[in-house]
Amino acid sequence: MFPTLFSIGQIQLQTSSVFTVLAFLLGGFVFWRKSREEHYSESHAFDGFLLSIVFGFIVGRLAYVGLHWDLFGSDILKWFDVVSHPGAQFTVGMVATGWYLARFASQKKWDVCEVLDFWVIATSISMAIQYVGSFFEGSMYGLPTKLPWGIVFPQTQEAVHPTQLYFAVF
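In this report, the structure presented in the accompanying data block is examined.

Calculation criteria
Residues numbered from 1 in each chain as written. Predicted model: local features only at pLDDT ≥ 70, side-chain atom pairs only at ≥ 80, totals over all residues. Heavy atoms only, no water. Helix = DSSP H or I, 4+ residues; strand = E, 2+ residues; numbered from the N terminus. Buried < 20%, exposed > 50% of the residue type's maximum accessible area, 1.4 Å probe, protein only. Contact = heavy atoms within 4.5 Å. Areas by Shrake-Rupley, 256 points an atom, 1.4 Å probe, with all protein chains shown as cover. Lys, Arg positive; Asp, Glu negative; His and termini not counted. Charge placed at Lys NZ, Arg CZ, Asp CG, Glu CD. Core = buried A, V, L, I, M, F, W, Y, C linked by side-chain atoms within 4.5 Å. 1 Å grid on protein atoms, 1.4 Å probe; cavity = no way out; pocket = protein on both sides within 12 Å on 5 of 7 lines; lining within 4 Å. Points joined across faces, edges and corners; volume = space filled by probe spheres on them. Nonpolar A, V, L, I, M, F, W, Y, C, P; charged D, E, K, R; others polar. Salt bridge = Lys/Arg side-chain N within 4 Å of Asp/Glu carboxyl O. Axes fitted to C-alpha atoms, helices over the stretch in contact; angles between N-to-C directions. Left-handed = near helix turned anticlockwise from the far one by under 90°.

Comments concerning the overall build of the protein chain
Now for step 1: In terms of regular secondary structure, the protein chain is built from 7 helices and 2 strands.
Now for step 2: When the helices and strands of the protein chain are placed in sequence order, the string is β-β-α-α-α-α-α-α-α.
Now for step 3: Counting only C-alpha atoms, the protein chain reaches 55 × 45 × 35 Å along its principal axes.
Now for step 4: Counting across all 170 residues of the protein chain, residues that qualify as buried make up 32%.
Now for step 5: A fraction of 52% describes how many contacts in the protein chain between residues 6 or more apart in sequence connect residues 24 or more apart.
Now for step 6: For the protein chain, the computed accessible surface area is about 10700 Å², with 67% contributed by carbon and sulfur atoms.
Now for step 7: Positive and negative charge centroids in the protein chain, built from 9 and 12 side chains respectively, lie 3 Å apart.

Shown next as structure tokens:
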């Protein structure tokens, strides 16, 4: 599909990077908007959102390093070198993000369930955007199919399920 949107010399703009930024911005906007509607401090709510994402990424990355110890070993510089050695454990990162945000809301004496509701809405929208980006990038496709909506991606020989679009819709 379109893994690289455009390139000028050695500079390339990757599809996944564009959709990741869009997902982050729209998710942050939704979280901010919902917290503002419920009269929470806008700056504190957005701080909690940003800090929870950073915490979730760090924990997800450390979980990935732990699960792939043979690639990283005890070289701490490789652990945090996400350019040369990309990867993060998504599920662990999401749990850590939710846990941090719940603790943050609890410390602020906010309704934890309500704040986590905002987070789930923002996360759902962000994930849908990420999956649309995966579709355009040509990654995360499904198994071969004979159904009429099967798509032949450049790296496949036959039509496969567009699971990225399934995830984005659901």
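Re the nonpolar core
Now for step 1: Judged by nonpolar contacts, the single largest core of 13 residues is most densely connected at Phe 31, Trp 110 and Val 115.
Now for step 2: Counting residues per element, the ones that place at least two in this core are helix 1 (15–37), helix 2 (42–67), helix 5 (90–107) and helix 6 (112–137).
Now for step 3: The biggest single contributor to this core is helix 6, with 4 residues.
Now for step 4: Contact partners of Phe 31, with chain neighbours within four places excluded, come to Ala 45, Phe 49, Leu 101, Val 115, Phe 118, Trp 119 and Ala 122.

Comments concerning the layout of surface pockets
Now for step 1: What the largest pocket holds in volume is close to 1200 Å³.
Now for step 2: Residue lining of the largest pocket: 33 residues in total, with Thr 20, Phe 57, Phe 90, Met 94 and Gln 130 positioned closest to the centre.
Now for step 3: Residue assignment for the lining of the largest pocket shows that the elements contributing at least two residues are helix 1, helix 2, helix 5 and helix 6.
Now for step 4: By residue number, the principal contributor to the lining of the largest pocket is helix 6, which donates 10 residues.
Now for step 5: Looking at side-chain class alone, the lining of the largest pocket contains 17 nonpolar, 15 polar and 1 charged residues.

Structural notes on the pattern of salt bridges
Now for step 1: Under the counting rule described, the total for this entry stands at 2 salt bridges.
Now for step 2: One salt bridge in this structure joins Arg 33 and Glu 37, with 3.8 Å as the shortest N-O distance. Residue Arg 33 and its partner Glu 37 are located together in helix 1, separated by 4 residues, close to a single helical turn.
Now for step 3: A relative accessible area of 38% places Arg 33 in the partly exposed class.
Now for step 4: Note on Glu 37: relative accessible area 41%, which makes it partly exposed.
Now for step 5: Here Glu 37 and Lys 34 are joined by a salt bridge, their closest N and O atoms 3.6 Å apart. Note that Glu 37 and Lys 34 are positioned in helix 1 at a spacing of 3 residues, about one turn of the helix.
Now for step 6: In this structure Lys 34 comes out as partly exposed when scored by relative accessible area, which is 26%.
Now for step 7: Salt bridges linked by common partners bring Arg 33, Lys 34 and Glu 37 together as one network.

Points about the packing of helix 1 against helix 2
Packed helix pairs are characterised by how far apart their axes lie and by the angle those axes make with each other.
Now for step 1: The contact between helix 1 and helix 2 brings their axes to 9 Å, and the two run at 145°. Every pair of crossing elements has a handedness; the one defined by helix 1 and helix 2 is right-handed. The segment helix 1 lies against helix 2, with Phe 24, Gly 27, Gly 28, Phe 31, Trp 32, Ser 35 and Arg 36 engaging Glu 42, Ala 45, Phe 46, Phe 49, Leu 50 and Ile 53.
Now for step 2: Classifying every residue of the contact of helix 1 with helix 2 gives 8 nonpolar, 3 polar and 2 charged.

All quantities given are derived from atomic positions and should not be read as evidence of function.
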